[in-house]
Amino acid sequence: MNVARTLSPVLFTLAICASAAAEDTLTFRYNDAEVTKSGRIIAQAESGVILETPDSMQWPILADDLLAKKQTPGEFVPLNKQQLTEQVLSELPAGFEVHETAHYLIFYNTSKAYAYWCGSLYERLYRGFVNYWKQRGVNLTEPTQPMVAVIFDNRQNYAAYGQEELGDAAGSIVGYYSMHTNRVAMYDLTGVDAARAQGSSKRDIARINNILARPEATFLVATIVHEATHQIAYNCGLQIRLADNPVWVSEGLAIYFETPDLSSSRGWRGIGEVNRIRLPQAKRLVQQPGRKLIPQLLIDDDQFRKAETALDAYALAWALNYYLLKRYPDNYANYLKHLAERRPLHDPPREERLAEFQQFVAEDLDAFEADFRKFIAGLR
Ligand SMILES: [Zn+2]
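- As annotated in an unreviewed UniProt entry, the protein carries the name DUF1570 domain-containing protein and comes from Blastopirellula retiformator.

Rendered as structure tokens:
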């Protein structure tokens, strides 16, 4: 008799119901404060747990910081649009308004025109991103909740908001995506004068586009798109928040998509163009003889965080993503699908990344590196 086969689906269903019908309430230390939050535990290991709250925040909690834990019957339900709006407004300083688009809630205390400009940019990026992957056999999922962006009127107010997560660094970067809050934050790049204009007419929005289409604004706009790309990747299932994502993948992808396309109000033609900001640095590196670039890029995430190596690492990460997406699109798509099966708190050893890359992309790393160098050196 095939008892096991008949029973197991039942047990499986029961197990799922049991976990879905419970709510976890945890008390824990977070940034020197004691907080209590209810939600669902999405990952658990000896080292700690990750709690997801209905506002889509994820709280990594070390075992030592977990003070109390209780389970109550009840189902985990993400906040709906209205509830999420109220929740975010309650956390922000007074004076914020919200602009809603198909996939975003944009909270702003700057001009309406700027919020509309960002909303339109984000939706175009979203469509471009999803279509790009669809054409390569990767079907992304709709976000379960609207994605949240917070736009401040000026750098000071934005830096104050980012202080808790980024420290003083918040003042020196123009925007960021937080895996903890799942939000992007930034400030109005057009400055105080534009913020005074209160309209949201086509003319107001076109004026903002003109300011930001200037060459000196390229880098600023690219950063905004870069951070929004991280957010989409983590909300559409291409990547898993707080799981082991090799940094060369996350950063290289975000740079690959960041080429802004302000000329079109509909599509996004910029995806996959050569990145003019990163190319010179990447070329210099691939033309230097000597040490192998690829193995270190795959394994060493710290090089992206150290000031003295970060620029090189970002340039190479872009170059490798560019090369893979042009020359190995299927292999790379399969590799990304494999990474997306990872769960937080279950990081494989770093050294396994080499074997995985060989399995999904190229067996012979030396030959691969030689071709990669030649390809990047030949880009114009
Ligand atoms: Zn990034």
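Okay, back to it.
1. Description of the overall build of the protein
Working step 1: Within the protein, the secondary structure is distributed over 14 helices and 10 strands.
Working step 2: Against the 2.2 N^0.38 benchmark of 21 Å for 380 residues, the protein shows a C-alpha radius of gyration of 22 Å, consistent with a compact globule.
Working step 3: Expressed along its principal axes, the backbone C-alpha trace of the protein runs to roughly 65 × 60 × 40 Å.
Working step 4: Out of the 380 residues belonging to the protein, those deemed buried represent 50%.
Working step 5: Once local pairs closer than 6 in sequence are excluded, the contacts in the protein between residues at least 24 apart make up 66%.
Working step 6: Of the roughly 18800 Å² of accessible surface on the protein, 52% is carried by carbon and sulfur atoms.
Working step 7: Distance between charge centroids for the protein: 8 Å, based on 40 positive and 46 negative side chains.

2. A short note on the pairing of strand 4 (residues 58–62)
Working step 1: One ladder, built from 5 bridges, connects strand 3 (residues 48–52) with strand 4; its direction is antiparallel. Residue pairing across strands places glycine 48 opposite leucine 62, the latter belonging to strand 4.
Working step 2: From the end of strand 3 to the start of strand 4, which pair antiparallel, there are 5 residues, and serine 56 there has a positive phi angle of about 75°.

3. Re the sheet that holds strand 1 (residues 22–30)
Working step 1: Pairing is antiparallel in the open sheet, where 5 strands are placed in the order 4-3-2-1-5. Each end of this open sheet is capped by a strand with a single partner; those strands are strand 4 and strand 5 (66–73). Adjacent strand axes in the sheet meet at a mean angle of 40°, parallel and antiparallel pairs treated alike.
Working step 2: Pairing of strand 1 with strand 2 (residues 33–45) involves 7 bridges; the strand directions are antiparallel. The partner of tyrosine 30 across the bridge, within strand 2, is alanine 33.

4. Some details on the coordination of the zinc ion
Working step 1: At this site the zinc ion is bound by His226 (NE2), His230 (NE2), Glu251 (OE) and Glu251 (OE), with donor distances of 2.0 to 2.7 Å.
Working step 2: Considering all 4 donor atoms around the zinc ion, angles at the metal cover 53 to 143° and the coordination shape is irregular.
Working step 3: Here the donor residues of the zinc ion are spaced in sequence according to H-x3-H-x20-E. A residue pair is termed long-range when its members are at least 10 positions apart, and histidine 230 in helix 7 (residues 218–235) and glutamate 251 in helix 8 (residues 247–257) qualify at 21 residues.
Working step 4: Look at glutamate 251 and you get buried, because its relative accessible area is 12%.

5. Details of the nonpolar core
Working step 1: With 99 residues, the main nonpolar core has Trp133, Leu212, Trp248 and Trp318 as its most contacted residues.
Working step 2: For this core, the element with the most residues is helix 3 (residues 112–134), which contributes 13 residues.
Working step 3: A domain-level breakdown of this core finds at least three residues from each of domain 2 (81–238) and domain 3 (279–377).
Working step 4: In this view, leucine 212 contacts Tyr114, Trp117, Leu189, Thr190, Ala217, Val221 and Leu262; residues no more than four positions away in its chain are not counted.
Working step 5: Membership of the second largest hydrophobic core comes to 8 residues, among which are Phe28, Tyr30, Val49 and Trp59.

6. Some thoughts on unusual backbone geometry
Working step 1: Of note in the backbone geometry, aspartate 32 takes a positive phi value of approximately 70° without being a glycine.
Working step 2: Tracing the backbone through its elements, the reader meets aspartate 32 in the loop between strand 1 and strand 2.
Working step 3: Aspartate 32 sits in the exposed class, given a relative accessible area of 84%.
Working step 4: The backbone of leucine 242 sits at a positive phi, close to 65°, despite the residue not being glycine.
Working step 5: Residue classification places leucine 242 among the partly exposed residues on the basis of a relative accessible area of 25%.

7. Thoughts on the side chain of arginine 241
Working step 1: For arginine 241, the location among the structural elements is in the loop between helix 7 and helix 8.
Working step 2: Buried charged residue arginine 241 carries no salt bridge. Nearest counter-charge: glutamate 52, at 4.4 Å.
Working step 3: A distance of 2.8 Å separates a polar side-chain atom of arginine 241 from the backbone oxygen of serine 56.
Working step 4: For arginine 241, the residues in contact, after removing those within four places along its chain, are Glu52, Ser56, Met57, Gln58, Tyr177, Met179, His180, Thr181, Asn182, Tyr234 and Pro344.

Criteria and thresholds
The numbers attached to residues start from 1 for each chain and follow its sequence in the written order. Totals for whole chains, interfaces and linings use all residues, but because this is a predicted model, local features are given only for residues with pLDDT of at least 70 and pairs of side-chain atoms are given and counted only at 80 or more. Derived side-chain values reflect all non-hydrogen atoms in the structure, with water molecules and hydrogen atoms excluded from consideration. Helix and strand definitions follow DSSP, with helices as H or I runs of at least four residues and strands as E runs of at least two, each counted in order from the N terminus. When we talk radius of gyration, it's over C-alpha atoms, and the globule rule is simply 2.2 Å times the number of residues to the 0.38. Buried, partly exposed and exposed residues are distinguished by accessible area as a fraction of the type maximum, computed with a 1.4 Å probe on protein chains only: under 20%, between the cut-offs, and over 50%, respectively. The contact criterion used throughout is that any non-hydrogen atoms of two residues lie within 4.5 Å. Accessibility throughout is a Shrake-Rupley quantity obtained with a 1.4 Å probe, and a residue counts as covered only by protein chains that appear here. Positive charge is attributed to Lys and Arg, negative charge to Asp and Glu, and no charge count is given to His or to the chain ends. Here the site of a charge means atom NZ of a Lys, CZ of an Arg, CG of an Asp or CD of a Glu. For two strands to pair, DSSP has to find at least two bridges joining them. Angles here are taken between N-to-C directions and fall from 0 to 180 degrees, while the axes themselves are lines fitted to C-alpha atoms, restricted in helices to the stretch in contact. The rule for donors is simple: N, O or S, within 2.8 Å of the metal, or within 3.2 Å if the metal is Na, K or Ca. Water isn't counted, so a site may look like it is missing partners. Geometry assignment treats four donors as tetrahedral when all angles are between 85 and 135 degrees, treats four as square planar and six as octahedral when opposite donors are over 155 degrees apart and all others between 65 and 115, and treats everything else as irregular. Among buried residues, the Ala, Val, Leu, Ile, Met, Phe, Trp, Tyr and Cys ones that are joined through side-chain atoms within 4.5 Å form a nonpolar core. Source of the domain bounds: an automatic or database domain assignment. What counts as a salt bridge is simple: a side-chain nitrogen of Lys or Arg found within 4 Å of a carboxyl oxygen of Asp or Glu. What qualifies as a polar contact is a pair of N or O atoms within 3.5 Å, subject to a donor-acceptor requirement within protein and to the restriction that residues adjacent in sequence count only when both atoms come from side chains.

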